[in-house]
Amino acid sequence: MEQAVRDGIIKVNPTRVTGWQKLYKQAEDELLDPRALALPDWETLVALADALVAASHDQYRGWGDVAIFAACTAARIGEVSGCRVGDIDTTQWIWTVRRQTTPAPGGLTDKGTEGKRARKVPVVAQRILSAGPNPDARLFTGPGGGRISTAVLRDATHWDDVVAKLGYEHLRRHDLRHIGLTWFADAGVQVHVLRRIASHGSLTTTQRYLHPDVHKITAAGAALSAHFSVLRAPRLLPSPIVVTR
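Each chain carries its own residue numbering, running from 1 in the direction its sequence is written. Given that the model is predicted, a residue must reach a pLDDT of at least 70 before its local features are reported, and side-chain atom pairs must reach 80 or more before they are shown or counted; all residues, however, enter totals for whole chains, interfaces and linings. Side-chain figures throughout are based on the complete set of non-hydrogen atoms in the structure, without hydrogens or water.

1. A closer look at the sheet that holds strand S1 (residues 88–89)
Here is step 1 of the chain: The strand order S1-S2-S5 describes an open sheet built from three strands, whose pairing is antiparallel. Across the chains shown, the open sheet's two edge strands, defined by having one partner strand only, are S1 and strand S5 (119–122).
Here is step 2 of the chain: Taken together, the four bridges between strand S2 (residues 94–97) and S5 define a ladder with antiparallel strand orientation. Bridging across to S5, Thr 96 finds its partner in Lys 120. For two strands to be treated as a pair, DSSP must find at least two bridges joining them. Numbering of helices and strands runs from the N terminus, with a helix taken as a DSSP run of H or I at least four residues long and a strand as a DSSP run of E at least two residues long.

2. Some words on the pairing of strand S4 (residues 107–112)
Here is step 1 of the chain: The sheet contact formed by strand S3 (residues 99–104) and S4 spans six bridges and is antiparallel. Counted as the bridge partner of Thr 102 is Thr 109 from S4.
Here is step 2 of the chain: Counting the residues that bridge the hairpin from S3 to S4 gives two residues, and of these Gly 106 lies at a positive phi of roughly 95 degrees.

3. Considering the nonpolar core
Here is step 1 of the chain: To define a nonpolar core, start from buried Ala, Val, Leu, Ile, Met, Phe, Trp, Tyr and Cys residues and group those joined through side-chain atoms within 4.5 Å. Buried, partly exposed and exposed residues are distinguished by accessible area as a fraction of the type maximum, computed with a 1.4 Å probe on protein chains only: under 20%, between the cut-offs, and over 50%, respectively. Leu 48, Trp 95, Trp 159 and Leu 176 are the most contacted members of the largest nonpolar core, which has 43 residues in total.
Here is step 2 of the chain: Elements supplying a minimum of two residues to this core: helix H3 (42–55), helix H4 (61–73), helix H5 (77–82), S2, helix H8 (159–165), helix H9 (175–186) and helix H10 (191–198).
Here is step 3 of the chain: Broken down by element, this core gets its largest block of residues, seven residues, from H4.
Here is step 4 of the chain: In this view, Leu 176 contacts Leu 45, Leu 48, Ala 67, Ala 70, Ala 71, Ile 77 and Trp 159; residues no more than four positions away in its chain are not counted. Note on contacts: a residue pair qualifies if any of its non-hydrogen atoms lie within 4.5 Å across the two residues.

4. Details of unusual backbone geometry
Backbone geometry follows two general trends: most residues other than glycine have a negative phi, and most peptide bonds adopt the trans configuration.
Here is step 1 of the chain: The phi dihedral of Ala 74 is positive, around 55 degrees, even though this residue is not glycine.
Here is step 2 of the chain: Here Ala 74 lies in the loop between H4 and H5.
Here is step 3 of the chain: Here His 158, not a glycine, exhibits a phi torsion of approximately 55 degrees, which is positive.
Here is step 4 of the chain: Mapped onto the elements of the fold, His 158 is located in the loop between helix H7 (150–157) and H8.

5. Some details on the pattern of salt bridges
Here is step 1 of the chain: Basic side-chain nitrogens of Lys or Arg form a salt bridge, by our definition, when they fall within 4 Å of a carboxyl oxygen of Asp or Glu. Tallied over the full model, the rule gives 14 salt bridges.
Here is step 2 of the chain: With its nearest N and O atoms 3.8 Å apart, the salt bridge here joins Asp 65 to Arg 61. Placement of the pair is Asp 65 and Arg 61 together in helix H4, with a separation of four residues, close to one helical turn.
Here is step 3 of the chain: The shortest N-O distance in the salt bridge between Asp 110 and Arg 147 comes to 3.9 Å. Residue Asp 110 is found in strand S4, and its partner Arg 147 is found in the loop between helix H6 (126–129) and H7; the two are separated by 37 residues along the sequence.
Here is step 4 of the chain: With a relative accessible area of 22%, Asp 110 lands in the partly exposed category.
Here is step 5 of the chain: A single salt-bridge network, built from bridges that share partners, covers Arg 76, Glu 79, Glu 114 and Arg 119.

6. Quick notes on H4
Given 3.6 residues per turn, any residue in an α-helix points the same way as the ones three and four places further on.
Here is step 1 of the chain: Multiplying one less than the number of residues by 1.5 Å gives the expected span of a helix. Look at H4: 19 Å from first C-alpha to last across 13 residues, which is about the 18 Å you get at 1.5 Å a residue.
Here is step 2 of the chain: For H4, the tally of buried residues reaches 10 of 13 residues, placing the bulk of the element in the interior.
Here is step 3 of the chain: Taken together, the buried positions of H4 are Gly 62, Trp 63, Gly 64, Val 66, Ala 67, Ile 68, Phe 69, Ala 70, Ala 71 and Thr 73.

7. Focus on the side chain of Asp 175
Here is step 1 of the chain: Relative to the assigned elements, Asp 175 resides in helix H9.
Here is step 2 of the chain: Polar contacts involving the side chain of Asp 175 include one to the main-chain amide nitrogen of Arg 172, which spans 2.8 Å.
Here is step 3 of the chain: Those residues in contact with Asp 175, other than ones at most four positions away along the chain, are Leu 37 and His 170. For the purposes of these results, a polar contact is taken to be a pair of N or O atoms within 3.5 Å, where, inside protein, one atom must be able to donate a hydrogen and its partner to accept one; residues adjacent in sequence count only when each atom of the pair is a side-chain atom.

8. Some details on the packing of aromatic side chains
Here is step 1 of the chain: Two rings from Phe, Tyr or Trp (for Trp, the six-membered ring) form a pair when their centres are within 6.5 Å of each other. A pair whose planes differ by under 30 degrees is stacked, one over 60 is edge-to-face, and the rest are tilted. In the structure shown here, the tally under the stated rule is three aromatic pairs.
Here is step 2 of the chain: Ring centres of Phe 69 and Phe 140 lie 4.8 Å apart, and the angle between their planes is 55 degrees; this geometry places the pair in the tilted category. With Phe 69 in helix H4 and Phe 140 in the loop between H6 and H7, this pair connects stretches of sequence that are 71 residues apart. For the pair Phe 69 and Phe 140, one class covers both residues: buried.
Here is step 3 of the chain: Three or more aromatic residues joined by ring pairs make a cluster, and in this case those are Phe 69, Trp 95 and Phe 140.

9. Quick look at the environment of Arg 154
Here is step 1 of the chain: Position of Arg 154 relative to the elements: it lies in helix H7.
Here is step 2 of the chain: Given the relative accessible area of 30%, Arg 154 is considered partly exposed.
Here is step 3 of the chain: Put simply, Arg 154 and Arg 173 are 19 residues apart on the chain and 7.6 Å apart in space, counted from C-alpha to C-alpha.
Here is step 4 of the chain: Every residue in contact with Arg 154, bar those within four places of it in the chain, is listed here: Trp 159, Asp 160 and Arg 173.

Right, dumping it as structure tokens:
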């Protein structure tokens, strides 16, 4: 196809993939420095939520609530959609994440979380208090009462246009999770607890959310541990001396 373009047979290569460089850079940022994807503070998150509501049809407040809840719990949008009233312990305000809503043939469906493991996440009280007493009721729904997904949230709120106007054109729905994990880390949550909240398989993945200064401290600890390992290693005994006459 490229040769056909050079030969003047066709004007544009219809098989050329465009925009992959930007997508690759976003994926690389997420893997190497997810902190760079986080919003700076609470006020910015609220401004984002309000802008999403303003851009949606009939200014549905639920879209803003979804964004704030996802950021504050470091949860995926599908997990937020799958959350029900009965999943939240209103004594300790802990959400047991048991399911997520995902696309399926014929529409959206609920299934287990990634890794098929439930996990516990701290939550704020306001939303659960307004959701009603039915334990099977979904905490978050669309304006018509239906299940939501990341694509539904994007289309209903004109997400891409909103974040671009706010100066955060890199921000995707999944990045709300990065916001939460970054803020948890900055709040001093211990890394092993943060790993459980995030449901990360590898501790290395969780450590990427730590502040760079903390990275230096943990690296110093690792260096000291390595030093002690050398000191504890058995020393080689000298070879016996053979005396000849």
